[in-house]
Every structure is written in structure tokens, then in C-alpha cells.
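If you want the building blocks of each chain, they are given just below.
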Amino acid sequence: MQATKLGLTSIKTDGDKIEIVNQLLLPHSTEFIEIKSIEDAHEAIKSMKIRGAPAIASLAALAFAADLERGVKASADFVTSPETVKAHVEPILAYLYTARPTAVNLGAATRRLTATLDASIEAGKDGRAICADLIVEAHKVADEDVGRNKKMSQWGGDWLVDVVKQNGGSGSELNVMTVCNTGSLATSGYGTALGLITYLHETGKLASAYYTQTTPYHQGSRLTALELQKLEIPSVMICDTMVGSLFQHHNIHAVVVGADRIAKNGDTANKIGTYNAAVIAARHKIPFIVVAPISTVDLAVADGSGIPIEQRPPIEACLVRGAIHPPPSSGESTQAVVMITPPGLDLKGVYNPSFDVTPAELITAIVTEKGVATKRPGELVFDLSGVV
Ligand code: MRU
């Protein structure tokens, strides 16, 4: 097994100081922004300076912990009693939850912290002790992520190798396609679907990763490209429109994607374009694997029709972020945001959903830190109630 190369970092902490890398500027410049308040965290998540379902939950939890730490240090009024802590904390959690609607990890984190609040109050603790419990729990939300990502990557990677062998393949030299960015930038480290690809590479089983550019935000060409380059994983970028051609002309062993919310029956919301890839993968009988932590499974939602789909501002689909090419010799900033639609285009005529839902029928396996879930023979949907 090759040594794990250090991935990129989405969040850095030092005591209660939190910094995030501004993902809107990647890959052409690496600028860290300090998150000094709950409002800063909310804005960074909403504007996609940080993105990826697990990473936004981690940032929300860390910003929440830092807010409480500052309050405790300053003996703020809200620390006085259980009632004042509750009155301070509940609106903050509700506010953080509104930053992005589809990624359920954010809601799972805020629900988990609400449960900690209620349990500490129930246990008769005073304001300071309740804050201390909440700070510990909030740090756990962020810290647990890397370990579970490694677990699910191994579960999924080993499972895929077995499936390929059962189908007569050698189980090595695998070509695996992914969509969007699900690596260390989208999580607290290692990644989910990109973690599985990294694991296959580290164990000598990967020939090449293939990734879509993932328009309109280009998480693939801006972020996944950067991560794969840094990890020195052999890879090929394709435009979103080339998935069918790729499957017709290359031997692709699997498609692996992350998830923003998985319904009880396995229907999965993920980055726009995932459904297209799943339909074409089914046509080519290519295994389609979803890799996500348990916190992405929302048992309160029976099927995909109940998953809220975030609509991004139409203007974002009319713009491309990048760097001027070739770079100017003057040494000035090369960062550019370029409009690709005609001036004056009516933005009411631009469709820009951030996610789509892939029906469970098209999904071969759902991998979490607990293992690999598949459908019962002859069934079209999963029953994830036993997995969570
Ligand atoms: O809009 P984004 O960039 O936050 O969307 C990210 C995705 O869709 C990822 O695939 C998903 O959050 C899983 S990240 C491990």
C-alpha cells in the first residue's frame, strides 16, 4: 500500500480561530479567509466559498463551537443559565441550517447539537457546563469525518474489486469515473467518492480516475483536478457531455459519486449531472456507487420526491470562474470571472438547479462507514432503515 499523500485542507483551526480556503478562487489562488462569527460561516456556506455536504457541516459546527467558546471566555450574558444558553443556541442552529437546503449533513449536525443541548439541560447542568458539552460535541462533528471517510473508502474499494473479479475481471487496473468534487476540499479530509478512488490508488488497484468538469460551478475541473494532481493520481478530465462517449469507447469499471441527501429508499440527491451519469451507466451495465456518511441518510424522507433541491442564482450558470490565459506578464492578478451568455439575457430564462436526484433503481450500492448496502434481489429500492 502506498503512503497516503497529504490532501488539501478546506478548514484550518487554531484554538477558536477558524480559517477556510476560499474555494471560489481555487485552483488559481489559495487564499484563506477567517471565519469570525456565525454570520461569516453562514455567508461562506451560502456563497460556496466552502462547499461539499460534510465540509459545510464541519464549518457550521466549528463556528458554533467558537461562538460558545468566545461567550464562555467573556462570561457573556447567555452563559448565565440553561434557559439563556438555550435562548442563544437555538436560533443560531436554526439560522445555520438555512445556509444550504439540500445537504442534510448540516441539518444532522444542528439536530445533533440540539439533542446535546436538551440532554445537558435534562441532566441539570449549569450554563457553563452545557456550553462545554456543546463545544465538545461540535468539535466531534468535524473531527469524526476523516476517520469515517477512510472506513467507507476501504469498504467501497474492496467491494468494487470483488465485484469486478466476480464478473471475470482481474480486480486491478480499474478505471473509475466520478462527478463533482468529493475529496478533502468537500470534507474534513480524505473524501468520500474521491476517497474511494484514493484508496484504490493507494492499494495499487487504480488505472485511472475520470472526472466530469461539473458545470456550471466546475467543481470537477477546478477542485477535483487540483486534488488528483496533488495526490498524483492518474486521471482524465471529461466535459459533462462526454460521459456517454467515455462509456462507449473506454472500459470504465464503476461510477462513484458522493451525496448531499439520501432518502430512506436510496434515492440520492447529488450534484447536477449525477442522474445523467447514472442513466448512461445503467445502459452500459456499469456499477453505480454512492459513497456518503450515515449523516447523509435522511430516514425522515421516504423517497427522492421529498428532497428539497437548491436552485442557485441564475447568473451563476452564465459565468465561468478561472484565470486569464496566458497569464499577463505584468504580474497582476490573473483571476477572472467571465460571462458566457449574451449581455442582457433574461435571467428568468435560465434553469440552475444545484442538484438532481438519482433514483435508487439506478444505484448499485450505497457505501457508508458501516459497510456496503445493496438491494435485495429483484427489488428496485434500498431499505436503509437498518443501516442508520
Ligand atoms: O454544491 P456543492 O459543490 O456543495 O455540491 C457538492 C456535491 O454535490 C458533493 O458530491 C456532495 O456534497 C458530497 S461531498 C463529499
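Values in this document were obtained by computation on a predicted structure and should not be read as measured data.

## Looking at the overall build of the protein
So, step 1. Each helix and strand counted, the protein has nine helices and 16 strands in total.
So, step 2. Taken over C-alpha atoms, the radius of gyration comes to 21 Å for the protein, in line with the 21 Å a tight globule of 388 residues would show.
So, step 3. Its C-alpha atoms give the protein principal-axis dimensions of roughly 65 × 60 × 45 Å.

## Considering the UniProt feature "active site" (unreviewed entry) in the protein
So, step 1. As annotated in UniProt, the feature "active site" (unreviewed entry) corresponds to Asp 260 in the numbering used here.
So, step 2. Not counting residues within four places of it along the chain, the set of residues in contact with Asp 260 comprises Ala 53, Thr 102, Ala 103, Val 104, Ala 269, Asn 270, Thr 296 and Phe 355.

## Structural notes on the sheet that holds strand β11 (residues 297–298)
So, step 1. Pairing is mixed across the open sheet formed by four strands, whose spatial order is β11-β8-β9-β14. For this open sheet the edge positions go to β11 and β14 (355–358), each flanked by a neighbour on one side alone.
So, step 2. Two strands pair when backbone bridges link them, and strand β9 (residues 268–271) and β14 are joined in this way by four bridges, in the antiparallel orientation. Pairing of Ala 269 across the sheet is with Val 357, part of β14.
So, step 3. Lying on the sheet, helix α9 (residues 274–283) is in contact with β9 and β14; it crosses β14 at an angle near 30°.

## Here's the deal with the sheet that holds strand β2 (residues 17–21)
So, step 1. With antiparallel pairing, the three strands of this open sheet are ordered in space as β1-β2-β3. Each edge of the open sheet is held by one strand with a lone partner, namely β1 (11–14) and β3 (32–35). Sheet twist, expressed as the average angle between the axes of neighbouring strands with direction ignored, equals 25°.
So, step 2. Here four bridges tie β1 to β2, and the two strands are oriented antiparallel to one another. Across the sheet, residue Lys 12 finds its bridge partner in β2, namely Glu 19.

## Some remarks on the site of the ligand
So, step 1. Looking at the ligand, there are 17 residues lining it, with Arg 51, Ala 53, Ala 186, Gly 258 and Lys 271 nearest.
So, step 2. Secondary structure elements with two or more residues in the shell around the ligand: α2 (53–73) and β9.
So, step 3. Each residue belonging to the shell around the ligand can be placed in one class, and the counts come to six nonpolar, eight polar and three charged.

## Notes on the nonpolar core
So, step 1. Judged by nonpolar contacts, the single largest core of 56 residues is most densely connected at Val 255, Val 256, Ile 289 and Val 290.
So, step 2. Residue contributions to this core peak at six residues, all from helix α6 (residues 193–202).
So, step 3. Residues in contact with Val 256, not counting those within four places in the same chain, are Gly 156, Val 176, Thr 178, Ala 193, Leu 196, Ile 197, Ile 289 and Val 291.
So, step 4. Counting 44 residues, the second-largest nonpolar core is a separate cluster that includes Ala 57, Val 89, Ala 103 and Ala 109.

## Things to note about helix α4 (residues 104–122)
So, step 1. Its 19 residues place the ends of α4 27 Å apart at the C-alpha level, agreeing with the 27 Å of an ideal helix rising 1.5 Å per residue.
So, step 2. Taken together, the buried positions of α4 are occupied by Val 104, Asn 105, Leu 106, Gly 107, Ala 108, Ala 109, Thr 110, Leu 113, Leu 117 and Ser 120.
So, step 3. The elements touched by buried residues of α4 are α2, α3 (82–97), α5 (127–166), β8 (261–263) and β11.
So, step 4. One or two positions beyond α4, positive phi appears at Gly 124, with a value near 80°.

## Let's talk about the UniProt feature "site: Transition state stabilizer" (unreviewed entry) in the protein
So, step 1. According to UniProt, the positions carrying the feature "site: Transition state stabilizer" (unreviewed entry) are Cys 180.
So, step 2. On the basis of neighbour count, Cys 180 is assigned to the buried category, with 29 C-beta atoms found within 10 Å.
So, step 3. Look past the residues within four positions of Cys 180 in its chain and what remains in contact with it is Thr 214, Gln 219, Gly 220, Gly 258, Asn 270 and Lys 271.

## A word on the packing of α4 against α5
So, step 1. Close contact between α4 and α5 brings their axes to 9 Å; oriented N to C, the two are set at 150°. Judged on the interaxial angle alone, α5 and α4 are roughly antiparallel. For the pair α4 and α5, the sense of crossing is right-handed. For the pair α4 and α5, the contacting residues are Ala 109, Arg 112, Leu 113, Thr 116, Leu 117, Ser 120 and Ile 121 in the first and Ala 129, Ile 130, Asp 133, Leu 134, Glu 137, Ala 138 and Val 141 in the second.
So, step 2. In the contact of α4 with α5, the residues fall into nine nonpolar, two polar and three charged.

## As for the environment of Ile 340
So, step 1. Within the secondary structure layout, Ile 340 lies in the loop between β13 (335–339) and β14.
So, step 2. The exposed category is assigned to Ile 340, around which 10 C-beta atoms lie within 10 Å.
So, step 3. Separated by 156 residues in sequence, Ile 340 and Ser 184 have C-alpha atoms that sit 30 Å apart.

## Let's talk about helix α1 (residues 38–46)
So, step 1. Considered for burial, the residues of α1 that qualify are Ala 41, His 42, Ala 44 and Ile 45. For α1, the arc enclosing every buried residue in end-on projection is 165°, short of the 170-degree limit, so these residues lie on one face.
So, step 2. Structurally, α1 contributes buried residues whose contacts are with β2, β3, α2 and α3.
So, step 3. Just beyond α1, the residue with positive phi is Met 48, at close to 70°.

Rules used throughout
- Residues numbered from 1 in each chain as written.
- Predicted model: local features only at pLDDT ≥ 70, side-chain atom pairs only at ≥ 80, totals over all residues.
- Helix = DSSP H or I, 4+ residues; strand = E, 2+ residues; numbered from the N terminus.
- Rg over C-alpha atoms; globule rule 2.2 N^0.38 Å.
- UniProt positions renumbered as here; feature names shortened; annotations may be inferred.
- Contact = placed C-beta atoms within 7 Å.
- Pairing = 2+ DSSP bridges.
- Axes fitted to C-alpha atoms, helices over the stretch in contact; angles between N-to-C directions.
- Near = placed C-beta within 6 Å.
- Nonpolar A, V, L, I, M, F, W, Y, C, P; charged D, E, K, R; others polar.
- Core = buried A, V, L, I, M, F, W, Y, C linked by C-beta atoms within 7 Å.
- Buried ≥ 20, exposed ≤ 12 C-beta atoms within 10 Å, placed from the backbone.
- Expected span 1.5 Å × (residues − 1).
- Parallel < 35°, antiparallel > 145°, perpendicular 65-115°, else oblique.
- Left-handed = near helix turned anticlockwise from the far one by under 90°.
- Arc of directions from axis to C-beta.

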